[in-house]
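Fold and contact review
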Amino acid sequence: MKIIKYTKVGEFHKRNSKKNEDVIKYRENDRFVIITLSDGVTSCGKSREGAAINCAEAIKFLMKNAQGLYPLSDEKKAYLILEQLIYKLQLAAIKENAPLSDYAATLSFCCFDKKYNKLLLFNSGDGAIFEHNCDSKKTQLVLKPQRYDEVYTPLVTTENAYKAAEIKILDAKKNHIIFICSDGVLKEFNEKLDENVSIDLSEDCYELKNKLKNANNFDDCSFIALKI
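A brief look at the structure comes next. (Residues numbered from 1 in each chain as written. Predicted model: local features only at pLDDT ≥ 70, side-chain atom pairs only at ≥ 80, totals over all residues. Heavy atoms only, no water.)

Moving on, we come to the overall build of the chain. Looking only at helices and strands, the chain features five helices and eleven strands. Sequence-distant contacts in the chain: of pairs separated by 6 or more residues, those separated by 24 or more amount to 70%. A total of about 11000 Å² of accessible surface is found on the chain, and carbon and sulfur atoms cover 45% of it. (Helix = DSSP H or I, 4+ residues; strand = E, 2+ residues; numbered from the N terminus. Contact = heavy atoms within 4.5 Å. Areas by Shrake-Rupley, 256 points an atom, 1.4 Å probe, with all protein chains shown as cover.)

What follows is the structure, given as structure tokens:
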């Protein structure tokens, strides 16, 4: 098992002397491996802080509660996850005397349950989650970028975001990669996202890393992947 990650600040943030607003975090214990990615909204004053809270608190919540989510409906799962994150974001907003909307960010994660060999996947926002078979070198889109009412991207702080968030539980497969990326990476693919995409994630995503390193990307580009 291996975790692969990459992040690169976009030209917009470079020109404006701002930090990369993509946050990636991961944690492993005897039972779970959890990888997370959150993309802060540039126009919001504390979005990087919001992204960091989303990742850290999602990991804490899943470490304690992941198994209890399995029998619930997808909407109920999403509601409970996002409710916890919003509570933590509200505490931060109160402490800083800032509006909750300042902490706007997306969230995607994969929680690998080693005991039951299950993958709990979650996506709320304009990133995406893929599954790559290292043997066949085929990559499949598992959770697509989200739109709320087909109008705007649902963020963790968006009202009723749980209704648009997508969740899947899959069986973990040996020599497969679960790949989570921000919208900045998706823009570099330059192709229509459908069920199967021509992205080679073998060799620890070597080809994609090189492409991103050489790209003149406007947005921040980040991914985190779990090789099983």
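After that view, the rundown keeps rolling.
All right, on to the nonpolar core then. Leu 62 and Phe 122 are the most contacted members of the largest nonpolar core, which totals 29 residues. Taken together, the elements giving at least two residues each to this core come down to strand 3 (32–39), helix 2 (47–69), helix 3 (74–96), strand 4 (107–113) and strand 5 (118–124). It is helix 2 that provides the largest number of residues to this core, a total of eight residues. Contacts of Phe 122, omitting those with residues within four sequence positions, involve Ala 78, Ile 81, Leu 82, Leu 107, Ser 108, Phe 109, Ile 129, Leu 143, Ala 165, Glu 166 and Ile 167. Of all hydrophobic cores here, the second largest spans 19 residues; its members include Tyr 6, Cys 205, Cys 221 and Phe 223. (Core = buried A, V, L, I, M, F, W, Y, C linked by side-chain atoms within 4.5 Å. Buried < 20%, exposed > 50% of the residue type's maximum accessible area, 1.4 Å probe, protein only.)

On to the sheet that holds strand 3. Read across the sheet, five strands follow the order 2-3-4-5-8 without closing on themselves; strand pairing throughout is antiparallel. In the strand order of this sheet, the two ends are held by strand 2 (22–28) and strand 8 (166–171), each with one partner. On average, each strand axis in the sheet is tilted by 10° relative to the strand beside it, whichever way the strands run. By the bridge criterion, seven bridges tie strand 2 to strand 3 in an arrangement that is antiparallel. Paired with Val 23 across the strands is Ser 38, a residue of strand 3. Seen against the sheet, helix 2 touches strand 2, strand 3, strand 4 and strand 5 and runs at an angle of roughly 30° to strand 2. Of the strands in this sheet, strand 4, strand 5 and strand 8 are in contact with helix 3, which crosses strand 8 at around 115°. (Pairing = 2+ DSSP bridges. Axes fitted to C-alpha atoms, helices over the stretch in contact; angles between N-to-C directions.)

Once that is clear, we can look at unusual backbone geometry. One non-glycine residue, Asn 97, lies in positive phi territory at about 55°. One non-glycine residue with positive phi stands out, namely Asn 117, at about 55°. Relative to the elements of secondary structure, Asn 117 occurs in the loop between strand 4 and strand 5.

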